[in-house]
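Observations on the three-dimensional arrangement
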Amino acid sequence: MPALGQDYEKLSGVTDEELRKVYESIPKNYDRANRFISFGMDVKWRAELVKSILDLEKGPRSVLDVASGKGETTYVFQRLGLRAFYVLADYSENMLLNALVDDDRVLASFDHLPFRDGSFDVVISTFALHAADDYESAIKEMVRVARKVVGVIAMGKPKNRALQAYLSFYLRSLMPKIACLAGAKPSDYRMIYEIYARKDKTNDYYISIAEKYLKLVKVEERALRLFYAFVGIKEKA
């Protein structure tokens, strides 16, 4: 496989006006964890993922948000003006009960999505796939229920050992202190470091798995390569 991102487009940019529409009414219960681990860029990245998806599917009628949490990315879709049928799927009932959006919600895990093949024009997952027990099974399920486009942002791991060490230090030691200054409990962020620490694969691996099931169009690494993002098209069987 070529160097990650070498043969792909980058995610689409967003304008200041588009970002303003999102930022101006972010609810107080918006997930702060992703703000800390993305160096404050999570909202912008979600908006760029949405724009990239809409480049490929101009007017999707249905969107599935997998491991949706409180539906932060669905919220961004809606703030950018897309009217569609949205479904949030998450295995945490508490997350769904506290969703930021008033759309259909389904208790479900990555590898057992209770929908028919090709049920949704767009399937997304942001800041969640790194928690999947079986990454490939999760990707296969997302592709199975998608009709056309799949978009992902997830925590990975860079190839560079020096970057790996720095990011490990940041997640283990610095991020909990930053969270504490922002009024959060440092212990709530311990799991993020543990997920990162147990990863034995790098971003190239995760992208190569996605390539098995999708025609990838846009691929990018972010935040010292702690994250990777991709948008791909489901090819007809």
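Starting from 1, residues in each chain are numbered consecutively following that chain's sequence as written. With pLDDT at 70 or above as the cut-off, local features in this predicted model cover only qualifying residues; side-chain atom pairs require 80 or more to be listed or tallied, and sums for whole chains, interfaces and linings still use all residues. Excluded from the side-chain calculation are hydrogens and water; included are all heavy atoms of the structure.

**With respect to the sheet that holds strand β1 (residues 62-66)**
- Only strands joined by at least two bridges in the DSSP assignment are considered to pair. Secondary structure elements follow DSSP: runs of H or I no shorter than four residues count as helices, runs of E no shorter than two count as strands, and numbering proceeds from the N terminus. Across the sheet, seven strands lie side by side as β3-β2-β1-β4-β5-β7-β6; this open sheet has mixed pairing. The two strands at the open ends of the sheet, each matched to only one other strand, are β3 (104-107) and β6 (215-222). Neighbour-to-neighbour, the strand axes of this sheet turn through a mean angle of 15°, independent of strand direction.
- For β1 and strand β4 (residues 120-126), the ladder comprises three bridges, and the chain directions are parallel. Bridge pairing in β4 places Val63 opposite Val122. Convention adopted: a line fitted to C-alpha atoms gives each axis, helices being fitted over their contacting stretch, and angles between N-to-C directions are expressed from 0 to 180 degrees.

**A short note on the pattern of salt bridges**
- A side-chain nitrogen of Lys or Arg and a carboxyl oxygen of Asp or Glu constitute a salt bridge if their distance falls within 4 Å. As enumerated under the stated definition, the model contains 14 salt bridges in all.
- Ionic pairing is found between Arg144 and Asp117, a salt bridge with its closest N-O pair at 2.7 Å. With Arg144 in helix α6 (residues 135-145) and Asp117 in the loop between β3 and β4, this residue pair connects regions lying 27 residues apart in the sequence.
- Buried means the residue's accessible area, taken with a 1.4 Å probe over protein chains only, is under 20% of the maximum for its type, while exposed means over 50%, and partly exposed covers the values in between. Relative accessible area serves as the criterion here: at 57%, Asp117 is assigned to the exposed category.

**Considerations on the packing of aromatic side chains**
- Classification of ring pairs rests on two measures: the distance between centres of Phe, Tyr or Trp rings, Trp counted by its six-membered ring, which must be within 6.5 Å, and the angle between planes, read as stacked under 30 degrees, edge-to-face over 60 and tilted in between. Taken as a whole, this structure holds nine aromatic pairs when the rule is applied.
- A ring pair is formed by Phe127 and Phe227, whose centres lie 5.4 Å apart and whose planes are at 70°; its orientation type is edge-to-face. Within this pair, whereas Phe127 is found in the loop between β4 and α6, its partner Phe227 is found in strand β7 (residues 227-233), the two being separated by 100 residues in sequence. No difference in accessibility class separates Phe127 from Phe227, as the two residues are buried.
- Centroid distance Tyr205 to Tyr206: 5.4 Å. Interplanar angle 75°. Geometry classified as edge-to-face.
- What makes Tyr205 partly exposed here is its relative accessible area of 30%.
- Here the aromatic residues Tyr135, Tyr205, Tyr206, Tyr228 and Phe230 are joined through ring pairs into a cluster of three or more.
- A ring is considered to have a charge above it if a Lys NZ or an Arg CZ atom is located within 6 Å of its centre and within 35 degrees of its normal. Looking at Lys157, its charged tip hangs above the ring of Tyr196, at a distance of 4.6 Å from the centre.
- Over the ring of Tyr205 we find Lys201; its NZ or CZ atom is 5.1 Å from the centre of that ring.

**Structural notes on the environment of Gly151**
- With respect to the helices and strands, the residue Gly151 is situated in strand β5 (residues 146-155).
- Since its relative accessible area comes to 0%, Gly151 is described here as buried.
- Considered as a pair, Gly151 and Leu216 are 65 residues apart in the sequence and their alpha carbons are 9.6 Å apart.
- The contact criterion used is simple: two residues touch if any of their non-hydrogen atoms lie within 4.5 Å. Excluding residues within four positions of it along the chain, Gly151 makes contact with Leu49, Ile53, Val123, Ile124, Ser125, Met142, Phe230 and Val231.

**Description of a nonpolar patch on the surface**
- Like charges are joined within 9 Å and nonpolar side chains (Val, Leu, Ile, Met, Phe, Trp, Tyr) within 5 Å, but only among residues with over 30% relative accessible area and no salt bridge; these make up the patches. Values of accessible area rely on a 1.4 Å probe in the Shrake-Rupley scheme; residue burial ignores everything except the protein chains shown. A surface patch of nonpolar side chains, amounting to about 420 Å² of accessible area, comprises Phe39, Met41, Tyr166, Phe169 and Leu224.
- Locating Phe169 in the fold gives a position in helix α7 (residues 161-181).

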